[in-house]
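Spelled out, the chains give:
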Amino acid sequence: MSQDVLIRQQGGLGRITLTRPGALHALNTPMCAAILNAVRAWAGDPSVHLLWIDHQEGTRGFCAGGDIRMLAESGAGDASEAREFFRTEYRMNAALEAFPKPILSVIDGVTMGGGVGLTVHGSHRVATERTVFAMPETGIGLFPDVGGGWFLPRLAGELGTWLALTGARLKGVDVAAARVATHFMPSELIPALARQLESADFSDGAAALLGEILGRFTHAIPPGSFAPHRETIDRCFRFDTAEEILAALEGDTGDWAHTEAATLRAKSPETVKVALRQLREGRRLESFEDNMRMEFRIGWRKVQSADFLEGVRAVIIDKDNAPVWKPARLEDVTPADVDRYFSPLGRDELTFGD
């Protein structure tokens, strides 16, 4: 058990509450291991009917991601600690995706990176007006992992490609409009929702009863604020090369497209190309576990990449927000540069047993 996550059973509820507020509940290896063990145990436990994930009441943010500083410090050495984190976290992601019962996640606050992987693979995901979603990894030279290769290309049109490559943020009801969340409710109703969940008997049809309870609190979801740009997103981000996407954005007549092009130009060129291939391959895969094996291959190498170490320096350590990427331009990243992240790991491949 980790002191940074509270895991317990309350009647028919399996409850997971993140309790690391000083780090915006960012995930570390002990937290992921504790969650993985609980999810595996509850999957076959007939007394547990519903898994409920939230964060400590009264604290800011849901989960800001993973422990990026640790990943960079480990990557600057032999990367063993970083790779063990990925191995544990990705197994946790796979256990959640395969969980045979409803999973309710209340994502009230900042939900990025690892926090997305903790929630998005479950069945019921509630956003509030305080929710801020992003997969910002291309801005620090990492990549949109934790199953990003699986869920992002399965969003409508090219929304997932746009979110992955630019790191765009969705706020409030937009998180539900994009279907990253399945429901939206005002945060002031969370205590009332919790009381009804705690008093309900989920032993006879958990999914139906959960849907009924959520229906009492959640609001209708309007079109997202990104809706006016959907045609541009789908048209410009549909290509399989980053150069074509950038050319389409820069060749568009609208200011919004030009802003997105400038954003894309500022990201790690190598990571943009790696992430685009990750999404295109993930879209074709038939197994979530195969996707996580692919992402483990990328993560194994990415934590030791020059761009990741430079991105963490610029954004998290020195905070000058002026990373010097190598190569500096998308056009200078070769197919071989990208291919090396996807090659098999042999005996180090990710497995999902003990």
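Please read these numbers as outputs of a predicted model, since none were measured by experiment.

Participant: Teacher, can you tell me more about the layout of surface pockets here?
Facilitator: Any empty space left between atoms is shown by rolling a water-sized probe over those atoms. Space inside the largest pocket adds up to approximately 870 Å³. Around the largest pocket, the lining comprises 35 residues; the ones closest to its centre are A64, I68, M112, P136 and I316. Contributing elements (two or more residues each) for the lining of the largest pocket: helix 2 (68-75), helix 3 (80-98), strand 5 (110-112) and helix 15 (306-317). What lines the second largest pocket is a set of 22 residues, and nearest its centre among them are H55, Q56, E57, G58 and I190. For the lining of the second largest pocket, the elements supplying multiple residues, two or more each, are strand 2 (13-18), strand 3 (50-55) and helix 8 (190-199). Sorting elements by how many residues they give to the lining of the second largest pocket places helix 8 first, with 4 residues. A class-by-class count of the residues in the lining of the second largest pocket yields 6 nonpolar, 8 polar and 8 charged.

Participant: Is there a simple way to explain the packing of helix 8 against helix 9 (residues 206-217) in this structure?
Facilitator: A pair of packed helices can be characterised by two numbers: the angle between their axes and the separation between those axes. Orientation of helix 8 relative to helix 9, taken along the N-to-C sense of each, is 155°, at an axis distance of 10 Å. Looking at the two axes, helix 8 sits roughly antiparallel to helix 9. The two elements helix 8 and helix 9 meet at a crossing, and its hand is right-handed. When helix 8 is examined against helix 9, the residues A192, L193, Q196 and L197 are found in contact with a partner set consisting of L210, I213, L214, R216 and F217. Tallied by class, residues from the contact of helix 8 with helix 9 come to 7 nonpolar, 1 polar and 1 charged.

Participant: Please clarify how the environment of V312 should be interpreted in this entry.
Facilitator: Looking at where V312 falls in the secondary structure, it is placed in helix 15. For the pair V312 and P323, spaced 11 residues apart in the sequence, the C-alpha separation amounts to 8.6 Å.

Participant: Please explain helix 16 (residues 335-342) as it appears in this structure.
Facilitator: For an α-helix, 3.6 residues make a turn, and residues three or four places apart therefore share a direction. Within helix 16 the residues assigned to the buried category are V338, Y341 and F342. When helix 16 is viewed along its axis, its buried side chains cluster within an angular range of 100° and face the same direction.

Participant: Looking at this structure, I do not really get the sheet that holds strand 3. What am I missing?
Facilitator: Whether parallel or antiparallel, the strands of a sheet pair through hydrogen bonds between backbone atoms. In space, the 6 strands of this open sheet follow the order 1-2-3-4-6-9, with mixed pairing throughout. Each end of this open sheet is capped by a strand with a single partner; those strands are strand 1 (5-10) and strand 9 (183-184). The pairing of strand 6 (residues 124-127) with strand 9 spans 2 bridges and is classified as parallel. Bridge pairing in strand 9 places V126 opposite H183.

Participant: Explain the packing of aromatic side chains here, please?
Facilitator: Centre distance and the angle of the planes are the two values used to describe a pair of aromatic rings. All chains considered together, the criterion is met by 7 aromatic pairs. Aromatic pair W150 and F288: ring centres 5.9 Å apart, planes at 85°, arrangement edge-to-face. One end of the pair, W150, is in helix 5 (residues 148-151); the other, F288, is in helix 14 (residues 288-302), with 138 residues separating them in the sequence. The class of W150 is buried, set by a relative accessible area of 15%. When its relative accessible area of 5% is taken as the criterion, F288 is described as buried. Ring centres of F296 and W300 lie 5.8 Å apart, and the angle between their planes is 65°; on these two criteria the pair is classed as edge-to-face. With F296 and W300 both in helix 14 and 4 residues apart, this pair spans about one turn of that helix. We classify W300 as buried; its relative accessible area is 16%. Cluster of aromatic residues (ring-pair linked, three or more members): F85, F86, Y90, F296 and W300. One residue, R83, lies across the ring of W300, its end atom 4.1 Å from the ring centre. The ring of W150 carries the charged tip of R154 above its face, separated from the ring centre by 3.6 Å.

Participant: Please clarify how the sheet that holds strand 7 (residues 132-134) should be interpreted in this entry.
Facilitator: Read from one edge of the open sheet, 3 strands run 5-7-8, paired in mixed fashion. Among the strands making up the open sheet, the edge pair consists of strand 5 and strand 8 (170-171).

Participant: Is there a simple way to think about the pattern of salt bridges in this case?
Facilitator: Pairing between side chains of opposite charge can happen when the charged atoms of each approach one another. Counted according to the given criterion, the structure contains 26 salt bridges. Residue R313 pairs with E310 through a salt bridge whose shortest N-O separation is 2.9 Å. Here R313 pairs with E310, and both are found in helix 15, just 3 residues apart, close to one helical turn. When its relative accessible area of 21% is taken as the criterion, R313 is described as partly exposed. Residue R329 pairs with D332 through a salt bridge whose shortest N-O separation is 3.1 Å. On the basis of relative accessible area, R329 is assigned to the partly exposed category, the value being 43%.

Conventions and cut-offs
- Residues numbered from 1 in each chain as written.
- Predicted model: local features only at pLDDT ≥ 70, side-chain atom pairs only at ≥ 80, totals over all residues.
- Heavy atoms only, no water.
- 1 Å grid on protein atoms, 1.4 Å probe; cavity = no way out; pocket = protein on both sides within 12 Å on 5 of 7 lines; lining within 4 Å.
- Points joined across faces, edges and corners; volume = space filled by probe spheres on them.
- Helix = DSSP H or I, 4+ residues; strand = E, 2+ residues; numbered from the N terminus.
- Nonpolar A, V, L, I, M, F, W, Y, C, P; charged D, E, K, R; others polar.
- Axes fitted to C-alpha atoms, helices over the stretch in contact; angles between N-to-C directions.
- Parallel < 35°, antiparallel > 145°, perpendicular 65-115°, else oblique.
- Left-handed = near helix turned anticlockwise from the far one by under 90°.
- Contact = heavy atoms within 4.5 Å.
- Buried < 20%, exposed > 50% of the residue type's maximum accessible area, 1.4 Å probe, protein only.
- Arc of directions from axis to C-beta.
- Pairing = 2+ DSSP bridges.
- Phe/Tyr/Trp six-rings, centres within 6.5 Å; stacked < 30°, edge-to-face > 60°.
- Lys NZ or Arg CZ within 6 Å of the ring centre and 35° of its normal.
- Salt bridge = Lys/Arg side-chain N within 4 Å of Asp/Glu carboxyl O.

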